[in-house]
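Listed below, chain by chain, are the residues.
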Amino acid sequence: MPLNAVKAAFDSLKADFRDGRFPVVAGRLAGEALVWGDSLLGLFRTGGRAELEAVDSLARFWVLRYRGMPVPADLTGAPAGVGFVLAFTAFPYLDVMMEVWELGEPVEAGEGDPLRLHCLFDGVDEGSIVTAERVGGGWRFDLMPLYRDKIRAFDAFIASQFDGDFEAFVHHYVAEHDLDFDFDQAWRPLSGA
């Protein structure tokens, strides 16, 4: 039965996240997550302050985090899934969310492909829908709805701990982790991008 196979594949994806097998995760993504991941890689290379302030806080954080290092991360040639995974896992304190998501029943009757399933958070249906697509002998997932759930949790954290001040949060994060970090460089497009 495809539903059992999809749920097993999603559990396997969760294990890949838990064990830090991010290249494997990036290769198991589909749909809007890949489109967003590709946009994020472009933003990483060429986005300035205005472009970064126009996107969600999680995307903005991962771009700043990886561009502000003494030597910015080299993502040349990275596939779209990598961009998505970097943003999805940018704030590690939210990674526990992946552990408590599980697939529920299909949204529509039948077991078509792609398959749209309710996603439960700690056993509760909060309205997120995950799409699974059969590719070869396996399944790929569009995790964009879960990414949006992470954004809401991240924004709530920044609101409660930093009065909604994103930059104050970034300064605190850098100090707390004793990072060698260049704030001016982080907000600028990569040179030669």
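Higher on the page you've got the structure.
Because the structure is predicted, anything quoted here is derived from the model rather than measured.

Glancing now at unusual backbone geometry. Of note, Asp122 is a non-glycine position whose phi angle comes to about 55 degrees, a positive value. Following the sequence through the fold, Asp122 ends up in the loop between strand 2 (115–121) and strand 3 (124–135). Its relative accessible area of 58% is what places Asp122 among the exposed residues. Unlike most non-glycine residues, Asp178 shows phi in positive territory, near 50 degrees. Following the sequence through the fold, Asp178 ends up in the loop between helix 9 (166–176) and helix 10 (183–187).

Counting residues in hydrophobic clusters, the biggest one holds 59 residues, and the most contacted among them are Trp62, Phe141 and Leu143. Broken down by element, the residue count for this core peaks at seven residues, all from helix 8 (residues 144–162). When sequence neighbours within four positions are dropped, the list of residues in contact with Leu143 reads Phe10, Leu13, Phe17, Leu29, Ala33, Phe84, Phe88, Met98 and Val130.

The next point concerns the packing of aromatic side chains. Tallied over the full model, the rule gives 26 aromatic pairs. Look at Phe84 and Phe88: their rings are 5.5 Å apart centre to centre, the planes differ by 25 degrees, and that puts the pair in the stacked class. Of this pair, Phe84 and Phe88 are both found in helix 6 (residues 80–88), four residues apart, which corresponds to roughly one turn of the helix. When sorted by exposure, Phe84 lands in the same class as Phe88, which is buried. For the ring pair Phe169 and Tyr173, a centre distance of 6.0 Å and an interplane angle of 50 degrees mean the geometry is tilted. Of this pair, Phe169 and Tyr173 both sit in helix 9, separated by four residues, roughly a single helical turn. Positioned above the aromatic ring of Trp187 is the side chain of Arg49, whose terminal nitrogen or guanidinium carbon lies 3.9 Å from the ring centre. The ring centre of Phe88 lies 4.2 Å from the NZ or CZ of Lys150, which sits over that ring.

Per the stated rule, a full pass over the model turns up eleven salt bridges. With a shortest N-O distance of 3.4 Å, Glu53 and Arg49 are connected by a salt bridge. Here Glu53 and its partner Arg49 are both found in helix 4 (residues 49–53), four residues apart, which amounts to about one turn of the helix. Using a relative accessible area of 44% as the deciding quantity, one classes Glu53 as partly exposed. Residue Arg49 is classed as partly exposed on the basis of its relative accessible area, which comes to 34%. Across the pair Arg49 and Glu167 runs a salt bridge, and its minimum N-O distance is 2.6 Å.

Looking now at the sheet that holds strand 1 (residues 101–106). The strand order 1-2-3-4 describes an open sheet built from four strands, whose pairing is antiparallel. A strand with exactly one partner marks an edge of an open sheet, and here the two such strands are strand 1 and strand 4 (138–142). On average, each strand axis in the sheet is tilted by 45 degrees relative to the strand beside it, whichever way the strands run. In this structure, strand 1 lies alongside strand 2, joined through four bridges in antiparallel fashion. Considered in strand 2, the bridge of Leu103 is made with Cys119.

Before going further, it helps to examine the pairing of strand 4. In terms of strand pairing, strand 3 meets strand 4 through five bridges, oriented antiparallel. Note on strand 4: the bridge partner recorded for Val135 is Gly138. Linking strand 3 back to strand 4 in an antiparallel pair, the connection comprises two residues, with Gly136 at a positive phi of about 60 degrees.

Conventions adopted
- Residues numbered from 1 in each chain as written.
- Predicted model: local features only at pLDDT ≥ 70, side-chain atom pairs only at ≥ 80, totals over all residues.
- Heavy atoms only, no water.
- Helix = DSSP H or I, 4+ residues; strand = E, 2+ residues; numbered from the N terminus.
- Buried < 20%, exposed > 50% of the residue type's maximum accessible area, 1.4 Å probe, protein only.
- Core = buried A, V, L, I, M, F, W, Y, C linked by side-chain atoms within 4.5 Å.
- Contact = heavy atoms within 4.5 Å.
- Phe/Tyr/Trp six-rings, centres within 6.5 Å; stacked < 30°, edge-to-face > 60°.
- Lys NZ or Arg CZ within 6 Å of the ring centre and 35° of its normal.
- Salt bridge = Lys/Arg side-chain N within 4 Å of Asp/Glu carboxyl O.
- Pairing = 2+ DSSP bridges.
- Axes fitted to C-alpha atoms, helices over the stretch in contact; angles between N-to-C directions.

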